[in-house]
Amino acid sequence: MTTDIRVLEDEDDLIAAAKVFRSAMVGIPPVPNLAPGQIATLLEPGRTIGAFVGGQLVGTADAQTSGLTLPGGAIVAHAAVTHIGVLPSFTRQGIATDLVRHQLDDAAQRGEVVATLRASEATIYERYGYGVASSWQTVEVLTARAVLRPGVGAGGPVRLLDTDEAWDVLPRIVAGNRPSRPGTIDRPEVWWRGTRMRAELSPGPSYVAVHGEPGAETGFARYRPLNTEAWFISDRRSIAVEDFFAPTLEAYLGLLRFLLGLDLIDRVVFWMLPIDDPLPWLLVDRRAARVTGVHDETWLRVVDVRKALAARRYGAGDAVTIAVNDPILLDNSASFTVAGDGAEPTDRRPELHVGVGGLGAVLLGGATWRGLALAGLARVDDPAALAVADRLFAVRDAPFAGVFF
Ligand SMILES: CC(C)(COP(=O)(O)OP(=O)(O)OC[C@H]1O[C@@H](n2cnc3c(N)ncnc32)[C@H](O)[C@@H]1OP(=O)(O)O)[C@@H](O)C(=O)NCCC(=O)NCCS
């Protein structure tokens, strides 16, 4: 039977797609009761697609229009891909493949340079040219042992916001203080609405602390208590910091001091930190902070290789010529000479050969050419080229987005 892919526009289809996604994911909460018209406020018009078999909606995929920061600071057009799901009774028939290809063609037509997603499993997306471009770590801090070194700065003022008020203030803080770190993404309006809805639907208290003077805030932390059943008598009271937006040194220090200084709290779990976060260095006893997990974050698909390579900045050093192979978006298959002053298409003989997924992994500097070569994901014609490429693609800050979508 043929699969028909089309853009979903009417409310019933959008709700049906949300249900398909939840059935596919098995373990996430069901679609909440939505007010008439509400679903359309949670999705970007024209970007939710459905796969129909015999008239039945059996698969879906969705995206949000965003920007992504490349090394050097350029922000390129970015599709934040999400909600990919196929009904369990229709899997392994090529439906996700049709959806993803359709979505990539659409992103290319929109002039987008990269697409990124968060993967539920690590074995799905490489075949479509996605590679792991950034990671995050979870860090738990035992507050009783977490004394900051005497040389650590004070940071600025931090205050709690009423949660209702917070949802108006947070988007302004993010928009006005965009981090320069590669991998940073914009948080579109639909993302804020969805995040707010999920936060309000989840039971239990949650808090928002903001850093900076009223009207000129520069960071925030959203946090909630964990395991509150025996809260009153517990000796292991913990909070999870779900969103730690601290792009400046002052905001980082102010918010850190605030969270570690909360009365009652024995353990602060920073859910998502960049892998080069300096937290342990700030502590007299660095073992008060423990990394409890490192996870792949950004799966990046280069949609326009020429634009992506031209827009990022490179370290100093010799030039290297790289042949890129893209079996899906065929225009991307070409060779590029990359040097300290930029990258451009070339007909020079390549020294390195890489699939578009491997290029996605190194684009933000979160993976190395050496690692790709060891894994068989890059082919090396000239062994000296590996070190040259790694110097060119090296970054100062580990790439990180810090958000799920
Ligand atoms: C992941 C999912 C969308 C794949 O849908 P699908 O329609 O079965 O995928 P396809 O039939 O197009 O499969 C394409 C290829 O991917 C492979 N594949 C698909 N899902 C896979 C999985 N979960 N693990 C490993 N391989 C997978 C297929 O075996 C097939 O391989 P092939 O090209 O070598 O033949 C579907 O399994 C699903 O909805 N899973 C649960 C929801 C989910 O995890 N969504 C992703 C959220 S980020």
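Owing to the predicted nature of the structure, the values given are computational and were not obtained by experimental measurement. (Residues numbered from 1 in each chain as written. Predicted model: local features only at pLDDT ≥ 70, side-chain atom pairs only at ≥ 80, totals over all residues. Heavy atoms only, no water.)

Participant: Which residues make up a nonpolar patch on the surface, and what values do they have?
Facilitator: A contiguous nonpolar surface patch, about 260 Å² in accessible area, is contributed by I275, V291 and V294. Examined against the element boundaries, V294 turns out to sit in strand 13 (residues 289–296). What makes V294 exposed here is its relative accessible area of 54%. (Patch = residues over 30% accessible without salt bridge, like charges linked within 9 Å, V, L, I, M, F, W, Y side chains within 5 Å. Areas by Shrake-Rupley, 256 points an atom, 1.4 Å probe, with all protein chains shown as cover. Salt bridge = Lys/Arg side-chain N within 4 Å of Asp/Glu carboxyl O. Helix = DSSP H or I, 4+ residues; strand = E, 2+ residues; numbered from the N terminus. Buried < 20%, exposed > 50% of the residue type's maximum accessible area, 1.4 Å probe, protein only.)

Participant: If you had to explain the site of the ligand to someone new, which residues and values would you point to?
Facilitator: Of all residues adjacent to the ligand, which total 20 residues, the nearest are I84, R92, T97, S120 and E121. Within the backbone of I84, an N or O atom sits 2.8 Å from a nitrogen atom of the ligand. A96 is positioned with one of its backbone polar atoms (N or O) 3.0 Å from an oxygen atom of the ligand. For the ligand, whose accessible area on its own is 880 Å², the fraction buried by protein is 73%. Elements supplying a minimum of two residues to the shell around the ligand: helix 1 (11–25), strand 4 (75–86) and helix 3 (95–109). For the shell around the ligand, the residue count by class is nine nonpolar, seven polar and four charged. (Near = heavy atom within 4 Å. Polar contact = N/O pair within 3.5 Å; in protein donor to acceptor, adjacent residues only side chain to side chain. Nonpolar A, V, L, I, M, F, W, Y, C, P; charged D, E, K, R; others polar.)

Participant: Tell me about the side chain of R118, residues and numbers included.
Facilitator: Positionally, R118 belongs in the loop between strand 5 (114–117) and strand 6 (131–132). Looking at R118, its side chain comes within polar contact range of the main-chain oxygen of V403, at 2.9 Å. R118 has contacts with I185, E297, T298, A401, V403, F404 and F405, leaving out every residue within four places of it along the chain. (Contact = heavy atoms within 4.5 Å.)

Participant: Residue-level account of the sheet that holds strand 14 (residues 299–302), with values.
Facilitator: In space, the seven strands of this open sheet follow the order 1-2-3-4-5-14-6, with mixed pairing throughout. The sheet terminates laterally at strand 1 (3–7) and strand 6, the two strands that pair on one side only. Here strand 5 pairs with strand 14 via four bridges, running antiparallel. Of the residues in strand 14, the one forming a bridge with V114 is V302. Across the sheet, helix 1 touches strand 3 (56–69) and strand 4, and the angle it forms with strand 3 is around 90°. Sitting on the sheet, helix 3 is in contact with strand 1, strand 2 (49–53), strand 3, strand 4 and strand 14, with an inclination near 35° to strand 3. (Pairing = 2+ DSSP bridges. Axes fitted to C-alpha atoms, helices over the stretch in contact; angles between N-to-C directions.)

Participant: Describe the pairing of strand 9 (residues 207–211), and please don't skip the residues or the numbers.
Facilitator: Across the five residues that make up strand 9, a large majority, four, are buried. Here four bridges tie strand 8 (residues 158–161) to strand 9, and the two strands are oriented antiparallel to one another. Residue pairing in the sheet places R159 in a bridge with V210 of strand 9. In the sheet, strand 9 pairs with strand 10 (residues 219–226) via five bridges, with the strands oriented antiparallel.

Participant: How would you sum up the pairing of strand 2? Please name residues and give values.
Facilitator: Along a regular strand, successive side chains alternate from one face of the sheet to the other. A large share of strand 2 lies buried, amounting to five of its five residues. The alternating pattern of strand 2 places I49, A51 and V53 on one face and G50 and F52 on the opposite face, and all of these are buried. Relative to strand 2, strand 1 is paired through five bridges, and the arrangement is antiparallel. By the bridge assignment, V7 is partnered in strand 2 with I49. Here strand 2 pairs with strand 3 via five bridges, running antiparallel. Opposite V53, over in strand 3, you have Q56 as the bridge partner. The antiparallel pairing of strand 2 with strand 3 creates a hairpin that spans two residues between the two strands, and G54 there sits at a positive phi of about 55°.

Participant: Pulling in residues and values, what's your account of unusual backbone geometry?
Facilitator: Phi angles above zero are rare outside glycine, and V26 is one such case at about 65°. Locating V26 in the fold gives a position in the loop between helix 1 and helix 2 (38–42). According to the relative accessible area criterion, V26 is exposed, its value standing at 71%. The backbone of L264 sits at a positive phi, close to 75°, despite the residue not being glycine. For L264, the location among the structural elements is in the loop between helix 6 (249–260) and strand 12 (267–274).

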